[in-house]
Amino acid sequence: MKKPRYTEDMFKIIFFWLGTGFIFTGLLSFAGILWPTESSMVQNSRLMGIIFSSLGIAFLVVYAVCKALGCMKWKLHCELLEHGDRVKGTVEKVYLQSYTQYGRQYPYRILYTYSSQGNVYHHKSCLLWEIPDCSEHDTITVYINDRGKSAIDV
């Protein structure tokens, strides 16, 4: 399984499994296998199935939105690498993003800056699962468009 490149891809995985789990739980309720407890606010098995299934569908909608956003970011990234203007940028920082974990690995990020049309832009790379071969104050090639979007090829 390939590793996620964007935060949206991480959320996509999470919301897919949450949605699937809630829909499965709702189906168990409809089938009469899962019953509400005595202390539950919902005492009807059918109503409990509706609630769990509705939550599952809501999570799957969020999954679809995250998937669309991830695809849009990937498409923009590829478009920038193929047709973007090349400018020189500077690496501000390379860091391990310790609050994001996939499996037992943490991704790296590169913070970089570049100038275009008299403006200075500060951006960060996508999630990198290998240690990047650059360090602070290195010069890198940044691919940009006229809307202020950028990408780097590591």
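Analysis parameters
Residues numbered from 1 in each chain as written. Predicted model: local features only at pLDDT ≥ 70, side-chain atom pairs only at ≥ 80, totals over all residues. Heavy atoms only, no water. Pairing = 2+ DSSP bridges. Helix = DSSP H or I, 4+ residues; strand = E, 2+ residues; numbered from the N terminus. Axes fitted to C-alpha atoms, helices over the stretch in contact; angles between N-to-C directions. Patch = residues over 30% accessible without salt bridge, like charges linked within 9 Å, V, L, I, M, F, W, Y side chains within 5 Å. Areas by Shrake-Rupley, 256 points an atom, 1.4 Å probe, with all protein chains shown as cover. Salt bridge = Lys/Arg side-chain N within 4 Å of Asp/Glu carboxyl O. Contact = heavy atoms within 4.5 Å. Polar contact = N/O pair within 3.5 Å; in protein donor to acceptor, adjacent residues only side chain to side chain.

(A) Representation of the sheet that holds strand β4 (residues 139–144). Taken in spatial order, the five strands of this open sheet run β3-β2-β1-β4-β5, and their pairing is antiparallel. If you trace the sheet from one side to the other, it starts and ends with β3 (119–124) and β5 (150–152), each paired once. Within the sheet, the average angular offset between the axes of one strand and its neighbour, ignoring direction, is 40°. Both strand β2 (residues 108–116) and β3 contribute to a ladder of six bridges, which runs antiparallel. Looking across to β3, one finds that threonine 113 is bridged to histidine 122.

(B) View of a nonpolar patch on the surface. On the surface, Leu27, Phe30, Leu47, Ile50, Ile51 and Leu55 cluster together to form a nonpolar patch covering roughly 490 Å² of accessible area. It is helix α2 (residues 45–83) that provides the largest number of residues to the nonpolar patch, a total of four residues. Topologically, leucine 27 is positioned in helix α1 (residues 7–30).

(C) How the structure looks around the side chain of serine 45. Note that serine 45 resides in helix α2. Residue contacts for serine 45: discarding those within four places in its chain leaves Ser29, Leu34, Trp35 and Pro36.

(D) Here's a closer look at the pattern of salt bridges. Per the stated rule, a full pass over the model turns up one salt bridge. Between lysine 73 and glutamate 8 there is a salt bridge whose closest N-O contact spans 3.1 Å. With lysine 73 in helix α2 and glutamate 8 in helix α1, this pair connects stretches of sequence that are 65 residues apart.

(E) Looking closely at the side chain of asparagine 145. Here asparagine 145 lies in the loop between β4 and β5. A polar side-chain atom of asparagine 145 sits 3.1 Å from the main-chain amide nitrogen of arginine 147. A polar atom in the side chain of asparagine 145 sits 3.4 Å from the backbone nitrogen of glycine 148.

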